[in-house]
Amino acid sequence: MGILNEMFGDGDSGQLPAPEGELLAEGEYESNAEEILKGYKVYQKRYVFSSLIWKMLLVLLAVTSSVMMIMTSEDPIIPAMCLMISVAVGIWFITTPISNRKKLMRGLDIMEETRYKAEFYTDKIKISTCMEDIVETENPDDNISEHDVQDEQSEQTEADMALDGEKEEIPATVIHLDSPIVDLIDKEDMFILVVKKSYVFIIPKTAFGDDKCEKIREKLSVIMGIRYKAY
C-alpha cells in the first residue's frame, strides 16, 4: 500500500499529526464479493464508461482522418501507420476496463470476509484492517498482506492488492476530503469513495446505523459540495 500511503497519508509517517476533524461515524464491515462488484459497477458506469465514450470518439476521428489521408496521399505508408496505431489504441481503451474487472473477480475469494474498520471525519476518511483478523506468527515482526479497492490508467482494486502477495504490516489508509481529486458517492446501501477517478473504496452502510449515515450525509454534502454525489 506504499503508493496509497504516499498519496493519502498514514498514521506512521513520523510527523506531528494534523488536528483531527469531528468524528461522524465509525464501524466495521466484512469484504463481501457481491457488494464489491455492485459498487465497482457503479464506479465503472460513472467514471470509466463515460470517459470511454469521449476516448472512442477521438479514436474514431483519428481513424477517419487516417483513412482520408490514405485515400488522398501519394505515399500511404505514414497514414497507414497512423491508422494501425489508432485502431490499437481503441482496442486498448475497450479491453482495459474489461481486464480490470476480470482481475477484480479473480481476487474476490482472497478478500472475502476480511474485516475492515472505517472512520468518517469531517476532514477525512480512515480505513484500516481490523487487528483481530491479523494472524499471529512465531515472529511478531513478520509482515502480513494488505487490502484496498480501485480503474486503469493505474487502476487497482482490493483484488489487486491481494494478488500482489506482499506481506507487510498494514497501516491505515487516510483519504483527505479537502482534496479536489476525492469524490464520495452516496448510494442507498453503500458509500463509494473515489480518488483520482482511479482508486475505489467501497464501504457498506451496514457498518453504521441509519442515524450515523444521515449525519455523514448532512455534514459531508456541505463540506464536499458537488464532490458529494447522493443517489
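Residues numbered from 1 in each chain as written. Predicted model: local features only at pLDDT ≥ 70, side-chain atom pairs only at ≥ 80, totals over all residues. Heavy atoms only, no water.

Visitor: It is not clear to me how the overall build of the protein chain should be interpreted in this structure. Could you clarify?
Guide: Each helix and strand in the protein chain was counted, giving five helices and eight strands. The proportion of buried residues among the 231 residues of the protein chain is 41%. (Helix = DSSP H or I, 4+ residues; strand = E, 2+ residues; numbered from the N terminus. Buried < 20%, exposed > 50% of the residue type's maximum accessible area, 1.4 Å probe, protein only.)

Visitor: Any chance you could explain the packing of aromatic side chains here in plain terms?
Guide: Evaluation of the coordinates by the stated rule reveals seven aromatic pairs. Taking 5.4 Å as the distance between ring centres and 85 degrees as the angle between the ring planes, the aromatic pair formed by Phe 120 and Phe 208 counts as edge-to-face. Look at Phe 120 and you get buried, because its relative accessible area is 0%. Each residue in the set Tyr 40, Tyr 43 and Tyr 47 is aromatic and connected to the rest through ring pairs, giving one cluster. Directly above the aromatic system of Tyr 121 lies the positively charged group of Lys 124, at a separation of 4.5 Å from the ring centroid. Note that Lys 205 overlies the ring of Phe 191, its terminal NZ or CZ placed 5.0 Å from the centroid. (Phe/Tyr/Trp six-rings, centres within 6.5 Å; stacked < 30°, edge-to-face > 60°. Lys NZ or Arg CZ within 6 Å of the ring centre and 35° of its normal.)

Visitor: Explanation requested: helix H5 (residues 210-224) in the structure shown.
Guide: Each α-helix turn comprises 3.6 residues. Residues three or four places apart therefore point the same way. Taking 1.5 Å per residue as the helical rise, H5 with its 15 residues ought to reach 21 Å, and the 20 Å between its terminal C-alpha atoms agrees with that figure. Packing partners of the buried residues in H5 comprise strand S1 (23-30), strand S2 (115-121), strand S5 (182-186), strand S6 (190-195) and strand S8 (228-230). Immediately downstream of H5, the backbone of Gly 225 shows phi near 65 degrees, a positive value. (Expected span 1.5 Å × (residues − 1). Contact = heavy atoms within 4.5 Å.)

Visitor: Is there a simple way to explain the pattern of salt bridges in this structure?
Guide: This model, assessed by the stated rule, comprises nine salt bridges. Lys 38 is the partner of Asp 189 in a salt bridge, and the nearest nitrogen-oxygen pair spans 2.7 Å. Judged by its relative accessible area of 46%, Lys 38 is partly exposed. Lys 124 is the partner of Asp 123 in a salt bridge, and the nearest nitrogen-oxygen pair spans 3.4 Å. Salt bridges sharing common partners tie together Glu 22, Lys 215 and Lys 219. (Salt bridge = Lys/Arg side-chain N within 4 Å of Asp/Glu carboxyl O.)

Visitor: Hey, could you run me through the pairing of S5 in this one?
Guide: On any regular strand, side chains alternate: one points to one face of the sheet, the next to the other face. Of all five residues in S5, five are buried; the element is thus mostly enclosed. Burial along S5 is two-sided: Val 182, Leu 184 and Asp 186 and Asp 183 and Ile 185, pointing in opposite directions, are all buried. Pairing of S5 with S6, which is carried by five bridges, proceeds in the antiparallel orientation. Its bridge partner lying in S6, Asp 186 is registered against Phe 191. Pairing of S5 with S8 involves three bridges; the strand directions are parallel. Note on S8: the bridge partner recorded for Asp 186 is Ala 230. (Pairing = 2+ DSSP bridges.)

Visitor: Sorry if this is basic, but what is going on with unusual backbone geometry here?
Guide: Among all residues save glycine, negative phi is the norm, and among peptide bonds the norm is trans. Phi angles above zero are rare outside glycine, and Lys 196 is one such case at about 55 degrees. Position of Lys 196 relative to the elements: it lies in the loop between S6 and strand S7 (199-204). One non-glycine residue, Lys 197, lies in positive phi territory at about 60 degrees. Within the element layout of this structure, Lys 197 appears in the loop between S6 and S7.

Visitor: Looking at this structure, how should I read the sheet that holds S1?
Guide: Strands in a sheet are paired, the pairing made by backbone hydrogen bonds, and the direction either parallel or antiparallel. As summarised here, the arrangement of the four strands in space is S1-S2-S3-S4, forming an open sheet in which the pairing is antiparallel. The open sheet terminates on both sides in strands that have one partner only, identified here as S1 and strand S4 (173-176). In this sheet, neighbouring strand axes are inclined to one another by 15 degrees on average, regardless of whether the strands run parallel or antiparallel. Pairing geometry for S2 and strand S3 (residues 124-129), over five bridges, is antiparallel. By the bridge assignment, Tyr 116 is partnered in S3 with Thr 129. Packed onto the sheet, H5 meets S1 and S2 and runs at close to 130 degrees relative to S1. (Axes fitted to C-alpha atoms, helices over the stretch in contact; angles between N-to-C directions.)

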